[in-house]
Amino acid sequence: MKKLKWWKVLLLCILLVVLVAGGYVAYVFLSYSRIEDNLVLQPEGSVTEQAKAGEEYTIVTYNVGFGAYTDDFTFFMDEGKESRARSKDSVINCINNCADTALSYEPDFTLYQEVDIGSTRSHQVEERNLINEKYSAAGDFDNVFAQNYHSAYLMYPITEPHGASNSGILTESRFDITSALRRSLPISDGFKKILDLDRCYSISRIPVEDGKELVLINTHLSAYGTDAAQGNAQLEKLFADMKAEYDKGNYVICGGDFNHDFTTDSKEYFNPGTDKSYTWCEPFPDSIIPEGFSKCTDYAEGMVSTTRYTNIPYSPQSFTVILDGFIISDNVKCNYVQNISTGYLYTDHNPVVMKFQLGEAASDTEQE
């Protein structure tokens, strides 16, 4: 048999690479699907107690970063190196410590983001179960979960692929969650949609003894590949639902990771003189916040960042901003709000703690 000429071998190798790459791209797009909008969620738990107007309650919002981000972890999508949590034990340790941190504030409500339920990047740890077990040990809680992200197997980085991801947002409540709804957020068109997938927010309804409802919204807006128009479209949909509930006379609290510079000036505050610009920390568009709502940014103990850029291990030189927080209707009174410094030991975010009362106008407080 005659030997193949070198150029024929090279051509065959090129064709093989093209076929494999083309097949993978086809797999990614053919496996793409979005969860339907207005999906009814099933709360879990047996709590029957109703909330009360005038009582002070505590709420925490916390992005747990799928259990990967120790303080020295760097992420490949942030110009870092790593694509997966370092081990299963590390994931379990990070998630348990995040839950313990939130529970140390004795919250009545907690909003978690980036909770994985079976992902390559977090070694298939069922993080929702870990958190629920912590809360069950702390008392009686209802909980509701909404899938916020799922992806086909990402074959990058080649040396350690990020893999397939399934993640969501988890809400914990000491009071009865009578019903919950998953609302899909607008996402990018074209190839960018692969990075956004099932972005959403969840709406949990909690009865109040005065006949109204506390409408608790847990959100995690898009980060990578987001432009201002898409970010505004997501917020406008969110705000429309919030305004509709407020117009019914209900109490509305929205918390989570907004992937915007929440105070509009935290980038400059924490990184004076920086020329860095990222799509996930553009200034929050205050002008589109509907009448009757306000951000809670009157921090009781001063400015503390809530996320770090993970291109390098955490240090005083790290780029940090405020992305996380709460927006409330003016029939909710914010008595206290503070971002909590944790040294980013277990996630790339810091928790935000708020104490509030239902039934008092926000005009009685000094909020922005």
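Shown above is the structure to which this text applies.
Residues numbered from 1 in each chain as written. Predicted model: local features only at pLDDT ≥ 70, side-chain atom pairs only at ≥ 80, totals over all residues. Heavy atoms only, no water.

## Some remarks on the nonpolar core
Step number 1: Among the nonpolar cores identified, the biggest contains 49 residues, and I253 and M354 are the most heavily contacted of them.
Step number 2: When sequence neighbours within four positions are dropped, the list of residues in contact with I253 reads I59, L214, V215, L216, I217, F326, I327, I328, V332, M354 and F356.
Step number 3: Core analysis: the second largest hydrophobic core is formed by 28 residues, F66, F75, V125 and V353 among them. (Core = buried A, V, L, I, M, F, W, Y, C linked by side-chain atoms within 4.5 Å. Buried < 20%, exposed > 50% of the residue type's maximum accessible area, 1.4 Å probe, protein only. Contact = heavy atoms within 4.5 Å.)

## Comments concerning the sheet that holds strand β6 (residues 179-184)
Step number 1: Strand order in this open sheet of seven strands is β1-β6-β7-β8-β9-β13-β10, and the pairing throughout is mixed. In this open sheet, the two strands that pair with only one neighbour each are β1 (39-41) and β10 (293-295). Each strand axis lies, on average, 20° off the axis of its neighbour in the sheet, ignoring direction.
Step number 2: Of the strand pairs in this sheet, β1 and β6 are connected by three bridges, and their pairing is antiparallel. Bridging from a neighbouring strand, V40 pairs with L181 of β6. (Pairing = 2+ DSSP bridges. Helix = DSSP H or I, 4+ residues; strand = E, 2+ residues; numbered from the N terminus. Axes fitted to C-alpha atoms, helices over the stretch in contact; angles between N-to-C directions.)

## Concerning the pattern of salt bridges
Step number 1: By the definition in use, this model includes 13 salt bridges.
Step number 2: The salt bridge involving D72 is made with R86; its shortest N-O contact spans 2.9 Å. Here the residue D72 occupies a position in the loop between β2 (56-63) and α2 (88-103), and R86 occupies one in the loop between β2 and α2, the gap between them amounting to 14 residues.
Step number 3: The exposure class assigned to D72 is partly exposed, which follows from its relative accessible area of 35%.
Step number 4: Under the relative-accessibility criterion, R86 is labelled partly exposed at 43%.
Step number 5: Between R121 and D116 there is a salt bridge, with the nearest N and O atoms lying 2.9 Å from each other. Here R121 and D116 have matching classes, each one buried.
Step number 6: Bridged by salt links that share partners, the residues D37, R183, K237 and D241 form one connected network. (Salt bridge = Lys/Arg side-chain N within 4 Å of Asp/Glu carboxyl O.)

Remember, this is a structural readout, not a statement about activity or role.
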